[in-house]
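Structural description and commentary
Listed here are the chains, written in short residue letters.
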Amino acid sequence: MSRSLERVSGRNKNIVSRIYKGLRKSLKEFLPTACALCLKNISANKFPRNICDKCLGKVSLRDVNSNLFFMEDPAEARFNFKSINVSEQFNSYYQNYTNNFYVFICTYYDEYFKNMIRNLKFHEGLEFVPVLADLIYLVLERARRCSSREFKEVLNFDYIVPLPLHKKRFYERGYNQVELIAKELAKLTGKEVINCLVRIKNTKRQSEMKSKMERLKNVENAFTCNDTAVIIGKKILLIDDVVSSGKTLWEAASVLAQNGAEVFILAITGNQKENYI
């Protein structure tokens, strides 16, 4: 009985969500563009979109030498995030993608980004999608201008792959916020989004896990690839919103790498500190 009620509740929530999004889309052209953070009216042609200059000055974008981290296997490394200077050190550590991954973190996880991500994930805050996509693009372009030739090659990726939700969570929420951001980023970069990753394990949220071992076990074997042919020999930009321990992204990136892709990870935000090799 309780499972039946859960299914009905989820279905109703999904229907309401679709109606709400449809109404908002219909009314959008009649409403002035507002900053998603302070609600101040701004120009519809402004870039980055949906954020005023005052709020843009307050958000914590990482500078070019605090964006890039070298991530070793979280199950083996005590400190699995090591900072890389994109203009000096990248060439020395550009190595086998199937064993180690580079993680590019765009912003610090301050109150602004915490609120944006929370509203987007749990409160239908779709106005934050273009904000986050544009900020990613700004930080990537800044890194591209300042970095080594090898790092610029990595930024010349073939496809964008968003970290997927399990189908149950997708049904409850009605959308995958990372996929929506990836699609906006694709418009800016001219690249294609492919949904070749599938989350086959309905994991608990990593933030609910009390120990490192619980986090490792929670996402173990959580992903599979449903389209190997399209990614073989391709450079993949794997995107997620928040990175903490890195285990979820490690599992997803490993699946792509094992199926023949070169994987570069991008997280919108995270509080990893500079710990230079």
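If you're wondering where the values come from, they're calculated on a predicted model, not measured in any experiment.

This paragraph deals with the side chain of Gln 177. Along the chain, Gln 177 turns up in helix 7 (residues 177–189). A distance of 2.6 Å separates the side chain of Gln 177 from the side chain of Arg 173, its partner in a polar contact. A distance of 2.9 Å separates polar atoms of two side chains, one belonging to Gln 177 and the other to Asp 241. The contact partners of Gln 177, leaving out residues within four places of it in the chain, are Leu 120, Lys 121 and Asp 241.

Turning our eyes to something else, we now look at the nonpolar core. Counting 45 residues, the largest nonpolar core has Phe 104, Leu 132, Ile 160 and Phe 264 as its most contacted members. Breaking this core down by element, the ones donating at least two residues are strand 1 (68–71), strand 3 (101–107), helix 3 (111–122), helix 4 (128–146), helix 5 (149–155), helix 7, strand 8 (235–242) and strand 9 (262–269). Top element by residues in this core is helix 4. It accounts for 10 residues. Ile 105, Cys 196, Ala 253 and Ala 261 belong to the second largest nonpolar core, which has 30 residues in total.

What follows concerns the packing of helix 4 against helix 7. Interaxial distance between helix 4 and helix 7 falls to 9 Å at its minimum, and their mutual angle equals 50°. By the angle class used here, helix 4 and helix 7 are oblique. The handedness of the crossing between helix 4 and helix 7 comes out as right-handed. For the pair helix 4 and helix 7, contact is made by Val 129, Leu 132, Ala 133, Asp 134, Ile 136 and Tyr 137 and by Leu 180, Ile 181, Glu 184, Leu 185, Leu 188 and Thr 189, respectively. For the contact of helix 4 with helix 7, the residue count by class is nine nonpolar, one polar and two charged.

What counts and what doesn't
- Residues numbered from 1 in each chain as written.
- Predicted model: local features only at pLDDT ≥ 70, side-chain atom pairs only at ≥ 80, totals over all residues.
- Heavy atoms only, no water.
- Helix = DSSP H or I, 4+ residues; strand = E, 2+ residues; numbered from the N terminus.
- Polar contact = N/O pair within 3.5 Å; in protein donor to acceptor, adjacent residues only side chain to side chain.
- Contact = heavy atoms within 4.5 Å.
- Core = buried A, V, L, I, M, F, W, Y, C linked by side-chain atoms within 4.5 Å.
- Buried < 20%, exposed > 50% of the residue type's maximum accessible area, 1.4 Å probe, protein only.
- Axes fitted to C-alpha atoms, helices over the stretch in contact; angles between N-to-C directions.
- Parallel < 35°, antiparallel > 145°, perpendicular 65-115°, else oblique.
- Left-handed = near helix turned anticlockwise from the far one by under 90°.
- Nonpolar A, V, L, I, M, F, W, Y, C, P; charged D, E, K, R; others polar.

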